[in-house]
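Observations on chain architecture
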Amino acid sequence: MSQPSKGQKIVKNPPIKDVRGLQAAMEKWFSHEGRQYPWRETEDGYEILVSEIMLQQTQVATVLKRGYYKRWLERFPDVQTLANADEDLVLRAWEGLGYYSRARNLQKAARHIMEVHNGVFPRSLAEIEALPGVGQYTAGAVASFAFDAAAAAVDANIARVLTRWCDFRERIDTTYARKQLMAWAGSLVPDAGGRIWNSALMELGQHVCKSGSVACQKCPAASWCRAKDPLLLPIKKKRKAQVAVEEHVLLASRSDRILLEQEVGRRRRGLWKLPVRSIEEIPDDSSVSKQQYTITRYRVTMFIHELQNVVARENERWFRFEELAELPMPSPYRRVVVDYLAGREKAMKSQ
Ligand code: SF4
């Protein structure tokens, strides 16, 4: 990341006239247009933190429509329950959302709150930012949404809106741009509280001032916005191209058991998956099918080799079929296992 050069001073105030008028227009618009989400109907710091962490790399529709948020709060309704839960249960509840370090960090944050704050969710921005897995954006979001603090929170949506309002034509993935946008966000947030303001900014970025389209004619901020060519903003470094890779996994069963391997890597540590082998280790006559999935910038073609008489290696274990539902397992492998068990059951019924 580049540091501000001599010519790139951080300017506290954005180039916007009549900030009060903008604040009032946004608030009025949000009172009519703001969507109802469960995390907008609570002032519980823990519930808001859960929503923010879930939404970091997952879309609202997935978190809501597939029931992740609701299920999580039913299973771990408060900080204490999450702090005391088995890690396996925590990872299982997160299954399908990916980026499992988020679930681990949530549990670490819950344990931190139990140990340092006697189980009471902290209110100050600094204390919230000190929670494991919580960065500057998340701390600002939680402090403003839960406690109505006048805290800035700059996520991708808000960064895009600010960039356009200010016609900011610098690359935004630099330290300088991050600091500049934070400074503007901080000076725009109303002293009276940031809950409505930050929610309205996010809403504008999600539904009006989007990355691929803008609806300026129905934008409450149009009179204040300086963007000349909004769709060219924000300026970002080009994304790295997707990389195609192959993965060979075993679907090895033995009477009522299946062989699984426990992940030791950082991203999915502790989760169970189909055992991975190099192509050289796979017998030529194995029955093979394939599926594709994407993880970060990798487009993975997974070859699934159905084999008998496999010997378990280190980090591998035979699990009874009925144990599988409780095991945390990344989605691509879960789909294969579920299909396999369904096919097996169908075959047995037709015998
Ligand atoms: S006027 Fe257009 S470009 Fe400016 S904030 Fe509104 S939608 Fe975005």
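Predicted model, so just to flag it, every value in this text is computed and none were measured. (Residues numbered from 1 in each chain as written. Predicted model: local features only at pLDDT ≥ 70, side-chain atom pairs only at ≥ 80, totals over all residues. Heavy atoms only, no water.)

So, about helix H9 (residues 136-147). Taking 1.5 Å as the rise per residue, H9 with twelve residues should run 16 Å; its terminal C-alpha atoms sit 16 Å apart, in good agreement. Counting buried residues along H9, eleven of its twelve residues qualify, which places the element largely inside the surrounding structure. Within H9 the residues assigned to the buried category are Tyr137, Thr138, Ala139, Gly140, Ala141, Val142, Ala143, Ser144, Phe145, Ala146 and Phe147. Where H9 terminates, the next one or two residues include aspartate 148, which has phi positive at roughly 55°. (Helix = DSSP H or I, 4+ residues; strand = E, 2+ residues; numbered from the N terminus. Expected span 1.5 Å × (residues − 1). Buried < 20%, exposed > 50% of the residue type's maximum accessible area, 1.4 Å probe, protein only.)

Bringing the site of the ligand into the picture now. Taken together, the neighbourhood of the ligand is formed by Trp165, Cys209, Cys216, Cys219, Ala222, Cys225 and Pro230. Classifying every residue of the shell around the ligand by side-chain character gives seven nonpolar, no polar and no charged. (Near = heavy atom within 4 Å. Nonpolar A, V, L, I, M, F, W, Y, C, P; charged D, E, K, R; others polar.)

Moving on, we come to the domain arrangement of the protein chain. Its domain assignment divides the protein chain into domain 1 (19-232) and domain 2 (243-349). The C-alpha-based centres of domain 1 and domain 2 are spaced at 36 Å. Between domain 1 and domain 2, the buried area comes to about 990 Å², and carbon and sulfur atoms account for 45% of it. Inspection of the domain 1/domain 2 interface yields one salt bridge. Notably, a salt bridge pairs glutamate 95 with arginine 334, separated by 2.6 Å at the nearest N-O pair. (Domains from an automatic or database assignment. Buried area = accessible area lost by both parts, 1.4 Å probe. Salt bridge = Lys/Arg side-chain N within 4 Å of Asp/Glu carboxyl O.)

Let us now look at the packing of helix H10 (residues 156-165) against helix H12 (residues 195-207). Packing of H10 against H12 leaves a shortest axis separation of 8 Å and a crossing angle of 85°. As the angle between them shows, H10 and H12 are arranged roughly perpendicular. Of the residues in H12, those in contact with Asn157, Ile158, Arg160, Val161 and Trp165 of H10 are Trp197, Asn198, Leu201, Met202, Leu204, Gly205 and Gln206. Broken down by class, the residue content of the contact of H10 with H12 amounts to seven nonpolar, four polar and one charged. (Axes fitted to C-alpha atoms, helices over the stretch in contact; angles between N-to-C directions. Parallel < 35°, antiparallel > 145°, perpendicular 65-115°, else oblique. Contact = heavy atoms within 4.5 Å.)

Bringing the pattern of salt bridges into the picture now. On inspection of all chains with the given rule, the structure shows 17 salt bridges. Put simply, arginine 195 and glutamate 43 hold a salt bridge, and the shortest N to O gap is 3.6 Å. Of the two residues, arginine 195 sits in helix H12 while glutamate 43 sits in the loop between helix H1 (19-33) and helix H2 (45-55), which places them 152 residues apart along the sequence. On the basis of relative accessible area, arginine 195 is assigned to the partly exposed category, the value being 22%. When the shortest N-O distance is used, the salt bridge between aspartate 167 and lysine 228 registers 3.8 Å. Note that aspartate 167 is positioned in the loop between H10 and helix H11 (175-188) and lysine 228 in the loop between H12 and strand E1 (243-254), a separation of 61 residues in sequence.

Now for the packing of aromatic side chains. For the structure on display, the rule yields eleven aromatic pairs. With centroids separated by 6.3 Å and ring planes inclined at 40°, the aromatic side chains of phenylalanine 121 and phenylalanine 147 adopt a geometry described as tilted. In this pair, phenylalanine 121 is assigned in the loop between helix H7 (101-117) and helix H8 (125-129) and phenylalanine 147 in helix H9, connecting sequence segments 26 residues apart. Since its relative accessible area comes to 12%, phenylalanine 121 is described here as buried. Its relative accessible area of 17% is what places phenylalanine 147 among the buried residues. Taken together, Tyr37, Trp39 and Tyr69 form an aromatic cluster joined through their ring pairs. (Phe/Tyr/Trp six-rings, centres within 6.5 Å; stacked < 30°, edge-to-face > 60°.)

Our next topic: the state of the cysteines. Taken as a whole and assessed by the stated rule, the structure comprises zero disulfides. Between cysteine 166, a cysteine without a disulfide, and cysteine 225, which holds the nearest cysteine sulfur, the sulfur-to-sulfur distance is 8.7 Å. (Disulfide = S-S within 2.5 Å.)

Bringing the nonpolar core into the picture now. Proteins that are soluble and globular tend to have nonpolar side chains buried together. Among the nonpolar cores identified, the biggest contains 77 residues, and Trp72 and Trp165 are the most heavily contacted of them. Residues within four places of tryptophan 72 in sequence aside, it is in contact with Tyr46, Val50, Met54, Leu82, Val90, Ala93, Trp94 and Leu106. Judged by nonpolar contacts, the second largest core, of 19 residues, contains Val249, Leu251, Leu260 and Met302. (Core = buried A, V, L, I, M, F, W, Y, C linked by side-chain atoms within 4.5 Å.)

Moving on, we get to the side chain of arginine 164. Tracing the chain through its elements places arginine 164 in helix H10. Within the buried core, arginine 164 has no salt-bridge partner, and the shortest N-O distance to an opposite charge, that of aspartate 167, equals 8.6 Å. Non-local contacts of arginine 164, meaning those with residues more than four positions away in its chain, are made with Cys209, Lys210, Ser211, Val214, Cys225, Arg226, Ala227, Pro230, Leu231 and Leu233. (Lys, Arg positive; Asp, Glu negative; His and termini not counted.)

Each neighbour pair has its own omega, and for leucine 233 with proline 234 the value is -5°, a cis peptide bond. Checked against the element boundaries, proline 234 lands in the loop between H12 and E1. One non-glycine residue, serine 255, adopts positive backbone phi at about 45°. Note on placement: serine 255 falls in the loop between E1 and strand E2 (257-262). Positive phi values are uncommon outside glycine, yet asparagine 315 reaches one of about 70°. The class for asparagine 315 is partly exposed, based on a relative accessible area of 37%.

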